[in-house]
Each structure stands twice: as C-alpha cells, then as structure tokens.
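Listed below, chain by chain, are the residues.
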Amino acid sequence: MQITDFELIDTQVGLEMSDLPAAGWLPAVVPGGVHESLLAADRIAHPYLDRNERDIRWIENRDWWFRASFVRPAEDGRARLVFHGLDTVVDIWLNGAPLGHHENMFRPAEFDVTDRLRDRNELMLRFSPPLLGLTASAAGAGLRERLDAVFARFAEDPAFAALREAEDTTSAAAEGTMLTVMPIASQRRKAAFSWGWDFGPRVPSIGIWRPVELRVQRTAVLTGHHIRTYSIAADGSATVGVLVEVDPFGADTELTARIALIAPTGRRTVVELPVVDGRAERVITVPDAELWWTHDLGDQPLYDVSITLSAGMAIVDHTTDRIGLRTIALDRGPDPVGGRLFRFVLNGTPIFARGANWLPADMLVGSVTPDRVRALVGLARDGGMTMLRVWGGGIYEQDAFYQACDELGMLVWQDFLFACTDYPESDGVLADEVAREAEHQVKRLRNRASLALWCGNNEVQMLHGVAYGDHEPGDWGHAFFYHVLPGAVAEFDGRTPYWPGSPWGEDSGAGVAAVNGATDGDRHAWEVWHGVNFGPNARTYDNPGDARHYRRYADDRGKFISEFGIHASPELATLRRCLPPDQLYVHSGSFDHHNKDSLKNKHDAVLRIVTGLPETIEQYVDFTMVSQAEGLKFGVEHYRRRQPHCNGTLVWQFNDVWPGFSWSVVDHDLTPKAGYHYLARAFAPVLASFRRDGDRLELWLSNSGRAEVTAAATVTIAGFDGKEHLREDVTATVAAGDSRVVWTGDGLELTADRYAWVDGDFPSNRLFFAEIKDIPFGAPHLDVVATSTGRGTASLAITARGFAYFVHALTPAPGTRFHTNYLDLRDGETATIEVTGLPDGLDPTAIEVKAWQPRGETR
C-alpha cells in the first residue's frame, strides 16, 4: 500500500510537534519535495526563471513538516513502513511516538510497525536544514586551504597571470558556493550538486523524493536475487550463477525457491533450490544463450526472470525481473606502445566506449518522471552513444534509467556518490552510512545488463593529490575508496569491475597529476576549456584562447578519456523560456546568472580565435555551438584514431539540471545542441576522419565494430568556389577494434579557401584548413521543401546553392525532434531532416532553417 496524500508546512528550526499550527498546511508533492509543493501552490516563483534562485535560499534554512493519515491494512502479518527516499535529515513519528531518524537520501529507511498500528494512523516527518549543526570537517577544510594555496601559486606565475589579463575576474568568486560548502556537505549523504556546481544553481532538494509504502508480510519473503553470467562457452551456452536471498521469518516448513529464466525465443531454463540460512544458490547452464550487446554491436535480448518462494506446497512470495546474459571485464593489460590499457571487454570483445557523462535530469530530483529519463536515454542511443557515466556528484538514478539502458543497449559506468572534496572517514556515523548505502545500491543494481563499472568517486584522489602531493591512507576517504566500496562490490556483486575513482591511474611520470596521467587509467582532459596547465600535457601559452583551444586534444595520449568538454549556449528558444525579454542580451545580469562557470566570459578568448566575438545573443548561440561542436568533433576523431591504445571517450556533459549555459550537448528542454549532432556522426561505428600535418593530409578509418570492415571511399579536395582540385578513390580494410591510415596526400595546397571531403560506406566527413571565421564560405542560398508526413511529423528537404555550413532547423517547440541537424551541404546537395513531435496545428513550413552567417569581428 502506497501512502501519497501528504501535507506540509514550514516552521522555525527546532519547533516541537506539539506546537505545530493547525492551519496553513499545503498539499505536498510526494514523491517530490518542498520546492515542487511550493511551486504547485504558487507560493514561490520558479527558481530557474531570471534570478529567482536567490529568492528561495530561505527554504534550506527552515524545518519542513510532512504529515499523512492512513488506515490499518485488512490483512494480518508483519507490517513494515518503507520510505524509499528521504532527502535528507529527517525525524519520523507514528501516532505521536518517535519512530526513527534518517540522514541519507541514497538508501531507504525501513521500520517494523507491526505493534504500533491503529485503525487510523498519523504519520509525521520533520525535515531539518540539511547542513544544520555542521561545520567544515578537518579533512574538507584542510583540502580547501591547500587548494587555495596551490591556485594562489598558479596565479603568481607570470604565464598564468597573462592568461587572465583583460578577462572578467570579478565573477570568479561570485559563484564559489561549491568550494565553500563542500567541506561541510561532505559529512551528509546528499547529492553534492545540490549546493550549486559550475553547471547549475544552488537549489538543494528537500522532502520525500521516493515513494512511501506499507508492506504487510505474512511469512517468509524474498529480499533479493542475483543472476550473473560467469562465462560463455564455445557451444553458445552460458554459465550462470543464481542467488536468491530470503528473510525466513515466520516460516515453520522447508522453503524452496523456483527460478525460471525465459529467453525472448520462449526457451525456459528452470531450477528449484532449497533455502538454507536465508540463501538459495547454484551455478547453472543456459543452453543457446541469447547474448546482450550494446546497440552498435548486436541485439539486446532480455530474459524474463520469475522467482517463486514456497513454504511446503504454499507459494508465499513471488517477484519478477528482466536480465541480460553477458560478460563484462576491464582489460588492464600492457599496451604495446607503453603503459597499460583501460578497455572494456563485452562478451569477450574489446570495445571503444563512446558516450557522455550523465547528470540528474533536474535540480528537483524527486519530480523527474520516468518518461523524461527514458527520453534522455533514447537521445543518447540515437546519438550513437554506447556508454553513460552516472557522475559522482549526482544521484543513483531511478529504475527507469537502468531499464532504458538495458533495453536500448547502453552501458553504464556507475560512480559511487562522492565528488571533488575529502571525506572524513573517521566520522563513525558517516562511515556507517557509506557502508549501508553501498550494500543497498550494489544489491539494487547488480542485475542490470547495462552495468559495466562501479567507480569509487569523481575527482577526489585528483584534487587530494594536487593539494597534498600524495594519495597515502588518511582521513580523506581513502578507506572508502580502497576498502569499503570495493568490499561491497566484491561481496554483493562479485562480477562487475570496480575502479577506485575517476580519474585514477598509476602514471609515475605525471607527478601530482599521477591519477590523471596519460599512460595508465582513465583521465579528465580539462586542458581544453579550463586551460589546465599541469600534468602530461602542460605547455606555455601567450593567451588564454590558445590555452583553452580544442587543438590541445591532439596532444592527449590518454588511454580512456572519461571527461572532456566545451561550453555552449542552448537554443535561443530555451533561453527565451528562462530569461526575461529585457535580459536577452549577452552578459546581462540574468544571462550571466545562468552561467555558473567562472569566468563568465571564459569562452570569449576561444571565440576570438574560432568564430570571432558575437555581437548579438543570436550570434552568441550560434558561435558557442560552433565552438563546442567543432571542438568535440576534433577531440573524438583524435581519440578514435588512437584506438586500440585509447579505448573510450565520454563527453562532459550529456544533459542539463536546469536551463543554462553549460557543457551539455542536450539542453534542459531536451533539445539537442549542434554538438550532439556532430557527436552522432563522430560516434558512428566506422568513422572516416582526416589528419593534417603541414601540407600532408591523411585519411584514417576507425572501426569500433565486432567484424573486419572493407570500405570504399572517395577523397575530394575542393574550393568553396566549387572548383575541384583532387579526387581519388580508395578501398581499405580495417580490422575490428583498430584504426589506421588508408590514404595519404603529400605536397598539397591546403589553404583557407579549400576543404577536404570524404564519402563512402560510412557517414561523410570533412576537414577545413582554417578557423571558421577565416573561411570564405560565401553566402549560400537554401531551398527548403517542408512536407507534412502525419500527425506531428514532417520532413524538410534542404538543397544548398553554394557551400552551406552549419545548416540547421530551429526547434519550434519543446519536444520537437530532428533526426539529424547542423549539416554541411555542398553546392547542389540535398539533405532531408525527419521531424517528429510537432505541436498540433503547426505548419511545418513555419520551421525556420538557416545556415552559418559570420558577422562577428576579431577583436
């Protein structure tokens, strides 16, 4: 029985339940939280609009009381009250008597209320301010003090100071709440991003964010199960471990678990096992196993699992699940070119992981719907991605996320939820919560076909190493990442690889950046955008634009790039929904408020080089999208050319927590940016890409599939005036999981007025020979024929007269999708864009289509 009809009220901190007012209660959104409830009651302005975030800070400093009534269930038995998610510090009363205290949003709170139920019951919860009573831990405060000193030394360096000259440094500390609050917040098991990050506001969710239910159990119950694939035999059979966990309370006869695995073809594998000491387990053989693959490598057959618990002849409990049969491993073998590999192996096949970092789909995590989550995962799959990393500063996602990844063939890199600060492991309460949370989440997610990796944290070792120069055991979380968490994975999962942190590795030559080196482990490539200038790719630059330019990706020899990214604006339509009309200009107060990075004008230094500086908000949208899209394309092509020495690229970041300026490739309205569409082409299983070295041009083929590929290609070098200077045909074979040069041209005239183009058995690609602002594209004309193809669907046939760069359709309404967008069209070429999700009554001829129009100036 679910309990949903809650009311809420706020009071001063510490008010006793007996002093609660009788009036003033509001309907509460459950699952959801305080902010959602206040919005529904029209008591606050939306925090995402304008600068309203500042006006709701008071919410996190009040007590919030939730109350509900429910009747005693008709059936007899043990009654357990389960809160699947409480955010975060809460005291609970049932019928006026204390029931318990909880302060971890990442694990359920469960209470036996068998002897406390009445015919009618009153439930009361008080959520205290999440950080009430906390001061900065010694670990967190020490880390911040040392990092401040390190950054101060950087600032004194003449080269570093030159990079900051003439930039907007006034905003650098304005959004520094993350650095200020994390030494305090690290003591609470609450999503770190709640307190504001460089991609989102400070809107800490509070309340009942997952369902509340009353369970009545008459006798023994199923408490968990694990179906895990050990190996795949040459005859196609799978060796599978089966575990069923049982709470045998009240059972006075022998318990038996019956497990049935039903393949999509209908073939059944059934086993009956006795329950001994609360467990029933066996290793079985599943003949003719239908294997689960990522969507680019094969199908995603999911077996239906039916588990029945019987006491004697009576069935006492039953559950179902859907699982995939596959093996997953992390190859850490030697790399022939030096160092060690970091390579996922799926069903014995090495893979190149192509994907992005996943953030919570909203700041208000309790009200994110399963449909929204599924839509986002679908966008990732349609964008050619094969892996999503659930970032350690967010949340363990709802079931709909993992189910969608299972169904759509997406691997999941799952961080445990620790990020960017030291954690005081000596705090006994915190240590106990971490252990309980790890057990719960590992048991919850271990059956997911999509689960590829458990990772200890995000950037904890990296920042600790920068601050202290080592990663020795100490009161900073070391015990969590090297003992508690891997211990939980080993005990409760036993098959999924564990990795201590991201980034992490053992690159002895990288100094303080050892965990973020190039010869071992995964790395975060923030040389681009942030201009990070220590570690394996350190160089000296005369200006900030060059220090942050995406050309620096070409220096990166990392084995697996788990973060890299570039800022870009969302579409103008998204901005219009969050900025007031009088604030729709570049660097207005509201504009900059929706950019949580520092400096607010950080992108300008790169735009001066790539596109020229924008003069209007329309240009800002286009110019930043170009910078992001071209940069991510450049980076992914470089990393894929390095396969099999580099074996993964996860872009930072996939989605947004609110409507703002960030590194996302899909904005908060679920509208893909140009970068998304560029990535979709760069993530194709077979990629053709150019590499230039002076007057030498190389064409590479990168094959991330399971089988050898033989492809025919046509290489062209032409001018934007339409004149063709070179055309050559080539046929090449590339082994699975390899990348190599298949064509070379030497002594070529590679000038700004020319471009290289390749067509073939793969998505077409091109290379320009100058920055975008310096290319003479001319003034193309677009002929657009829009045709309605059904309710809510249409097609746009676009023909270019002259070379047309950055051809794109603008989204007419949230929910409208283009199957492709942001295209290059040569003179006379036609591209068709399929449109879905059009609002009723919208004439597709009203969809605006435009191409690149350079109007910026280099200043």
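What you see is a predicted model; the values in this text were computed from it and never measured.

Criteria and thresholds
Residues numbered from 1 in each chain as written. Predicted model: local features only at pLDDT ≥ 70, side-chain atom pairs only at ≥ 80, totals over all residues. Heavy atoms only, no water. Salt bridge = Lys/Arg side-chain N within 4 Å of Asp/Glu carboxyl O. Helix = DSSP H or I, 4+ residues; strand = E, 2+ residues; numbered from the N terminus. Buried < 20%, exposed > 50% of the residue type's maximum accessible area, 1.4 Å probe, protein only. Pairing = 2+ DSSP bridges. Axes fitted to C-alpha atoms, helices over the stretch in contact; angles between N-to-C directions. Contact = heavy atoms within 4.5 Å. pLDDT = per-residue confidence, 0-100. 1 Å grid on protein atoms, 1.4 Å probe; cavity = no way out; pocket = protein on both sides within 12 Å on 5 of 7 lines; lining within 4 Å. Points joined across faces, edges and corners; volume = space filled by probe spheres on them. Nonpolar A, V, L, I, M, F, W, Y, C, P; charged D, E, K, R; others polar. Phe/Tyr/Trp six-rings, centres within 6.5 Å; stacked < 30°, edge-to-face > 60°. Lys NZ or Arg CZ within 6 Å of the ring centre and 35° of its normal. Left-handed = near helix turned anticlockwise from the far one by under 90°. Lys, Arg positive; Asp, Glu negative; His and termini not counted. Polar contact = N/O pair within 3.5 Å; in protein donor to acceptor, adjacent residues only side chain to side chain. Core = buried A, V, L, I, M, F, W, Y, C linked by side-chain atoms within 4.5 Å.

Considering the pattern of salt bridges
Overall, the coordinates contain 56 salt bridges when judged by the stated rule. Of the charged contacts in the structure, one is a salt bridge between E103 and R188, with a shortest N-O distance of 3.2 Å. Residue E103 is found in the loop between β7 (97–102) and β8 (109–112), and its partner R188 is found in the loop between α4 (177–185) and β10 (195–197); the two are separated by 85 residues along the sequence. Judged by its relative accessible area of 10%, R188 falls in the buried class. Among the salt bridges present, the one from E439 reaches K443, with a minimum N-O distance of 3.0 Å.

Brief notes about the sheet that holds strand β33 (residues 696–703)
Spatially, three strands are ordered β32-β33-β36 in an open sheet, and the strand pairing comes out antiparallel. The open sheet terminates on both sides in strands that have one partner only, identified here as β32 (686–693) and β36 (738–745). With strand direction ignored, the average angle separating the axes of adjacent strands in the sheet is 25°. Packed onto the sheet, helix α14 (residues 617–641) meets β32, β33 and β36 and runs at close to 100° relative to β32.

What to know about the confidence of the model for the chain
In the predicted model, the chain carries a mean pLDDT of 93, and 95% of its residues have values of at least 70. Segment residues 165–176 is flagged for pLDDT under 50; beyond a separation of four residues in sequence, or across chains, it makes 17 contacts in the model.

A word on the sheet that holds strand β21 (residues 328–331)
Strands sit in the order β21-β22-β23 across an open sheet of three strands; the sheet is antiparallel. The sheet is open, and its two edges are formed by β21 and β23 (349–350), each paired on a single side. One ladder, built from four bridges, connects β21 with strand β22 (residues 343–346); its direction is antiparallel. Note on β22: the bridge partner recorded for D331 is R343.

Points about helix α15 (residues 674–682)
Most of α15 sits inside the fold, with seven of its nine residues counted as buried. Along α15, the residues that are buried comprise A674, G675, Y676, H677, Y678, L679 and A682.

Quick look at the environment of G409
Position of G409 among the secondary structure elements: in the loop between α6 (399–408) and β26 (411–415). According to the relative accessible area criterion, G409 is buried, its value standing at 0%. For G409 and S450, which are 41 residues apart along the polypeptide, the C-alpha to C-alpha distance reads 7.1 Å.

A few points about empty space enclosed by the protein
Throughout the structure, instances matching the rule amount to six cavities of 30 Å³ or more. Here the largest cavity defines a volume of roughly 50 Å³. In terms of lining, the largest cavity is formed by 13 residues, of which the most central are R188, R189, K190, A192 and Y423. Residue composition of the lining of the largest cavity, grouped by class: seven nonpolar, three polar and three charged. Of the voids in this model, the second largest cavity is the one considered here, and its volume is about 50 Å³. Along the walls of the second largest cavity sit E571, T671, P672, H677, T811, T816, R817, F818, N821 and Y822, which together make up its complete lining. Class assignment of the residues belonging to the lining of the second largest cavity gives a composition of three nonpolar, five polar and two charged.

Quick word on the packing of aromatic side chains
Inspection of the entire model under this criterion finds 55 aromatic pairs. Taken together, a centroid distance of 5.8 Å and an interplanar angle of 35° make the contact between W413 and F560 tilted. Placement of the pair is W413 in strand β26 and F560 in the loop between α10 (544–548) and β30 (561–563), with a sequence separation of 147 residues. Assigned by exposure class, W413 and F560 land together as buried. Judged by centre distance (5.0 Å) and plane angle (40°), the ring pair of F720 and Y755 falls under tilted. Here F720, found in the loop between β34 (709–719) and β35 (724–734), pairs with Y755, found in strand β37 (residues 754–760); they are 35 residues apart in sequence, far enough to count as distant. Ring pairs connect the aromatic residues F623, F720, Y755, W757, F768, F777, F803, Y805, F806, Y822 and W852, which therefore count as one cluster. One residue, R78, lies across the ring of F249, its end atom 3.6 Å from the ring centre. Stacked on the ring of W209, the Lys or Arg R210 has its end atom at 3.9 Å from the ring centre.

Looking at the environment of A28
With respect to the secondary-structure elements, A28 resides in the loop between β2 (26–27) and α1 (34–40). Between the alpha carbons of A28 and L38 there is a distance of 8.2 Å; along the sequence they are ten residues apart. With sequence-adjacent residues up to four places away left out, A28 is seen in contact with F6, E7, L8, S37 and F66.

A closer look at the packing of helix α7 (residues 428–445) against helix α9 (residues 478–492)
Between α7 and α9, the shortest axis-to-axis distance is 9 Å and the interhelical angle comes to 35°. At the point where α7 passes α9, the crossing takes the right-handed sense. On α9, the residues touching L430, A431, V434, A435, A438, E439, V442 and K443 of α7 are F480, V484, L485, A488, V489 and F492. Grouping the amino acids of the contact of α7 with α9 by side-chain chemistry returns twelve nonpolar, no polar and two charged.

Some words on the pairing of β34
Among the eleven residues that make up β34, eight are buried, leaving the element largely enclosed by the rest of the structure. Counted along the chain from β34 to the antiparallel partner β35, the turn is four residues long, and its residue G722 has a positive phi close to 95°. Pairing between β34 and β37: seven bridges, direction antiparallel. Pairing of V715 across the sheet is with V758, part of β37.

Concerning the side chain of R326
If you trace the backbone, R326 turns up in the loop between β20 (314–323) and β21. An unpaired buried charge is present at R326: no salt bridge exists, and D406, the closest side chain of opposite charge, is 7.1 Å distant. A distance of 2.6 Å separates a polar atom in the side chain of R326 from the backbone oxygen of L451. With sequence-adjacent residues up to four places away left out, R326 is seen in contact with T229, W292, L346, N347, R448, A449 and L451.

Quick look at the side chain of D597
Residue placement: D597 occurs in the loop between α12 (589–593) and α13 (604–610). Of the polar contacts made by the side chain of D597, one reaches the side chain of W529; its length is 2.9 Å. A distance of 3.2 Å separates polar atoms of two side chains, one belonging to D597 and the other to K602. For D597, the contacting residues outside a window of four places in its chain are D198, W529, H530, H567, K602 and W663.

Topic: the nonpolar core
F6, F66, L125, I259 and F344 are the most contacted members of the largest nonpolar core, which totals 214 residues. In terms of residue count, α14 provides more of this core than any other element does, ten residues in total. Excluding residues within four positions of it along the chain, L125 makes contact with F6, W64, W65, F66, F83, L86, V90, D91, I92 and I208.

Brief notes about the pairing of β37
A large share of β37 lies buried, amounting to five of its seven residues. Note: β37 against strand β38 (residues 762–768), five bridges, orientation antiparallel. Bridge pairing links G760 to F762 in β38. Counting the residues that bridge the hairpin from β37 to β38 gives one residue.

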